Amino acid sequence: MTEIRSVAVLGAGTMGCGIAQVAALGGFATHLYDLDGEVLMRARAAIERQLARGVELGKVESAAAATALGRLSLAAKIANAVAEADLVIEAVPESLAAKLALFAEVVRHAPAGAFLASNTSALSITEMAAASGRPERFAGLHFFNPAHVMRLVELVRGLETSDATVAVLRAAAERMGKEVVVVRDVPGFATSRINALVGNEAFRMLEQGVASAEEIDRAVRLGLNHPMGPFEMVDLVGLDTRLAILEHLHATLGEAFRPTNLQRQFVQAGRLGRKSGRGIYRYDEQGRRLP
Ligand SMILES: NC(=O)c1ccc[n+]([C@@H]2O[C@H](COP(=O)([O-])OP(=O)(O)OC[C@H]3O[C@@H](n4cnc5c(N)ncnc54)[C@H](O)[C@@H]3O)[C@@H](O)[C@H]2O)c1
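Only a predicted model underlies this, so the values are computations on that prediction, with no experimental measurement involved.

A. Representation of the pairing of strand S6 (residues 138-143) in the model. Judged by how many residues are buried, S6 sits mostly within the fold: six of six residues are covered. Here S6 shows a buried face lined by Phe138, Gly140 and His142 and a second buried face lined by Ala139, Leu141 and Phe143. Across three bridges, the pairing between strand S5 (residues 115-118) and S6 is parallel. By the bridge assignment, Ser118 is partnered in S6 with Gly140. Each parallel crossover has a hand, and the one from S5 via helix H6 (residues 125-132) to S6 is right-handed. Pairing of S6 with strand S7 (residues 152-157) involves five bridges; the strand directions are antiparallel. Paired with His142 across the strands is Glu154, a residue of S7.

What follows is the structure, encoded as structure tokens:
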């Protein structure tokens, strides 16, 4: 079986940072790229902080954290990020057009044998795979937020993803410390579909004045035993990312996924969640919730 040695992660936002961290910790030479240079600099600091925290909590050996940082390089150009990659993982915003444009660039610069993966939450893997011209070497690798903590990776098989690709990507995800569930390429896969529906219903309840966001979150945590409430969750996901997912699921799966006006307004107001400092709740620069 082909062995992955080098991984390129494209997009250094909420997900890309965590994916780069687990890739470096998993022993892969890791190149992280973002088209925004400032985001890239912040990403390195965020990864250093997360690794230091891992050491403090006894979850990561300090030597392993140092080695992982040594394996991580930042790339200001996509060509440099993917030039030697055996596996390219895309984590740019949830827009099919953006992802298609990115993969068109990737295939110009990456080795012909490189495997390609998208971290999309809901979009069609088969469509991206076809456009890349390497459909048998393409799959979804859907990490969860925060990617350095959450154990699951959904491995999404496009129509033409080969068995060999599934095997290689499964092994790579496992080396990153993840458990893998293989799913078929349907909108929203096995997880985003449920999560988006719950989050959308919570916004509908807020619009209807059922209770405050805090009270709905408290009810879901204490009564349904969810580790976080739906508004805490959407602040973590990013309201813009969730809205893009809902719009796609609404178009493909139907009315239940129609996004609420209230959520749209939050996005229009720039209240995107933790990453912008304010969503439903307020956060400091390190993403800690403010009273
Ligand atoms: N946020 C979540 O909870 C979550 C969970 C699982 C999967 N996802 C998926 O992961 C993907 C990324 O989501 P996110 O939440 O990290 O988004 P984000 O907005 O936090 O980060 C996206 C990053 O991509 C960069 N970017 C934009 N266009 C680019 C390009 N052409 N090339 C390189 N970088 C580019 C942006 O500067 C930004 O830093 C989406 O497809 C999303 O659906 C998100």
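Moving on from the model shown.
B. The arrangement of the nonpolar core in detail. Among the nonpolar cores identified, the biggest contains 59 residues, and Val9, Leu10, Ile19, Leu87 and Val88 are the most heavily contacted of them. Of all the elements, helix H1 (residues 14-25) adds the most residues to this core, at eight residues. With residues near it in sequence (within four places) discarded, Val88 still touches Ala8, Leu10, Val82, Val106, Ala110, Ala114, Leu116 and Ala117. Judged by nonpolar contacts, the second largest core, of 23 residues, contains Ala196, Val234, Val237 and Leu249.

C. Highlighting the site of the ligand. Gly11, Gly13, Thr14, Met15 and Asn145 are the nearest of the 29 residues found near the ligand. The set of elements that each furnish at least two residues to the shell around the ligand consists of H1, helix H5 (96-109) and S6. Ranked by the residues each element gives to the shell around the ligand, the list is headed by H1, at three residues. A breakdown of the residues in the shell around the ligand according to their chemical character gives 14 nonpolar, eleven polar and four charged.

D. Spotlight on the sheet that holds strand S4 (residues 87-90). Taken together, the eight strands give an open sheet; going across it, the order is S3-S2-S1-S4-S5-S6-S7-S8, and neighbouring strands pair in mixed fashion. Looking at the sheet topology across the chains shown, the edges are occupied by strand S3 (72-75) and strand S8 (179-184). Adjacent strand axes in the sheet meet at a mean angle of 25° when their direction is disregarded. Seen against the sheet, H5 touches strand S1 (6-10), S4 and S5 and runs at an angle of roughly 160° to S4.

E. Local environment of the domain arrangement of the protein chain. By domain assignment, the protein chain separates into domain 1 (6-184) and domain 2 (192-276). Computed from C-alpha atoms alone, the centre-to-centre distance between domain 1 and domain 2 is 26 Å. Contacts between domain 1 and domain 2 engage seven residues on the former and ten residues on the latter. Taken together, the residues that form the side of domain 1 that touches domain 2 break down as two nonpolar, four polar and one charged.

F. Molecular detail of the environment of Ile78. Its location among the elements puts Ile78 in helix H4 (residues 78-82). Residue Ile78 is classed as buried on the basis of its C-beta count, with 21 C-beta atoms lying within 10 Å. For Ile78 and Arg193, which are 115 residues apart along the polypeptide, the C-alpha to C-alpha distance reads 31 Å. Aside from chain neighbours lying at most four places away, what touches Ile78 is Leu10, Tyr33, Glu105 and His109.

What counts, and at which threshold
Residues numbered from 1 in each chain as written. Predicted model: local features only at pLDDT ≥ 70, side-chain atom pairs only at ≥ 80, totals over all residues. Buried ≥ 20, exposed ≤ 12 C-beta atoms within 10 Å, placed from the backbone. Helix = DSSP H or I, 4+ residues; strand = E, 2+ residues; numbered from the N terminus. Pairing = 2+ DSSP bridges. Right-handed = clockwise from strand over helix to strand, strands pointing away. Core = buried A, V, L, I, M, F, W, Y, C linked by C-beta atoms within 7 Å. Contact = placed C-beta atoms within 7 Å. Near = placed C-beta within 6 Å. Nonpolar A, V, L, I, M, F, W, Y, C, P; charged D, E, K, R; others polar. Axes fitted to C-alpha atoms, helices over the stretch in contact; angles between N-to-C directions. Domains from an automatic or database assignment.

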